[in-house]
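Reading the structure
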Amino acid sequence: MSTIDIHHVHSLSDDKAHSAIAEVAQKLQDRFDVTTRWDGPVLHFARSGVEGAIELLPGAVQVKAELGFLLSAMKGMVESEIQRVLTEKLG
């Protein structure tokens, strides 16, 4: 198992950050059949081979994920894509 831990700072309001992460969750569901659920300010996501959460913090988000064996080999690519999407959606 490999761990991803990304802290991304942004300047959006809490509501706009929540909306942006909700859009990300919808794309994850549509493209990768990921299940998602909100628990307060934390969006949990899971599917075979990956489990994690995106926590909304004041002025930032924290992404943590555990990659299964197959996805562990692509950890760098997965991290890069997460960072790209966070920059696109949150600035």
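Look above for the structure.
Figured I'd write up the structure that's included with this text. (Residues numbered from 1 in each chain as written. Predicted model: local features only at pLDDT ≥ 70, side-chain atom pairs only at ≥ 80, totals over all residues. Heavy atoms only, no water.)

So, about the overall build of the chain. Summing up its helical and strand segments, the chain has three helices and five strands in all. Ordered by position in the sequence, the α and β elements of the chain form the string β-α-β-β-β-β-α-α. Here the C-alpha atoms of the chain give a radius of gyration of 12 Å, agreeing with the 12 Å that 2.2 N^0.38 yields for 91 residues. Considering only C-alpha atoms, the chain reaches an extent of 35 × 20 × 20 Å along its principal axes. Classification of the 91 residues of the chain by burial places 32% in the buried group. For the chain, contacts bridging at least 24 residues in sequence account for 51% of all contacts bridging at least 6. Accessible surface, the chain: about 5,700 Å² in total, of which carbon and sulfur atoms supply 55%. (Helix = DSSP H or I, 4+ residues; strand = E, 2+ residues; numbered from the N terminus. Rg over C-alpha atoms; globule rule 2.2 N^0.38 Å. Buried < 20%, exposed > 50% of the residue type's maximum accessible area, 1.4 Å probe, protein only. Contact = heavy atoms within 4.5 Å. Areas by Shrake-Rupley, 256 points an atom, 1.4 Å probe, with all protein chains shown as cover.)

As a further point, take the pattern of salt bridges. Pairing is possible between side chains that carry opposite charge, provided their charged atoms lie close to one another. Scanning the model with the defined rule gives four salt bridges in all. For Arg-84, the salt bridge is made with Glu-88, and the minimal N-O distance between the two is 2.9 Å. With Arg-84 and Glu-88 both in helix 3 (residues 75-90) and four residues apart, the pair spans about one turn of that helix. A salt bridge links Lys-89 to Glu-88; the shortest N-O distance between them is 4.0 Å. (Salt bridge = Lys/Arg side-chain N within 4 Å of Asp/Glu carboxyl O.)

Moving on to the pairing of strand 4 (residues 50-57). Bridging between strand 3 (residues 42-47) and strand 4 involves six bridges; their strand directions are antiparallel. Paired with Arg-47 across the strands is Val-50, a residue of strand 4. The hairpin formed by strand 3 and strand 4 contains two residues between the paired strands, and Gly-49 there has a positive phi angle of roughly 95 degrees. Relative to strand 5 (residues 60-67), strand 4 is paired through eight bridges, and the arrangement is antiparallel. The residue of strand 5 that forms the bridge with Ile-54 is Val-63. Here strand 4 folds back onto strand 5 in antiparallel fashion, the turn holding two residues, of which Gly-59 has a positive phi close to 75 degrees. (Pairing = 2+ DSSP bridges.)

We now examine the pairing of strand 2 (residues 35-39). Taken together, the five bridges between strand 2 and strand 3 define a ladder with antiparallel strand orientation. Its bridge partner lying in strand 3, Thr-36 is registered against Phe-45.

Grouped together as the largest cluster of nonpolar side chains are 18 residues, with contacts concentrated most on Ile-21, Phe-45, Ile-54, Val-61, Leu-86 and Leu-90. Counting only elements with at least two residues in this core, the list comes to strand 1 (2-9), helix 1 (14-32), strand 3, strand 4, strand 5 and helix 3. Excluding anything up to four places from it in sequence, Leu-90 contacts His-8, His-10, Leu-12, Ala-17, Ala-20, Ile-21 and Val-61. (Core = buried A, V, L, I, M, F, W, Y, C linked by side-chain atoms within 4.5 Å.)

In short, geometric facts, not functional conclusions.
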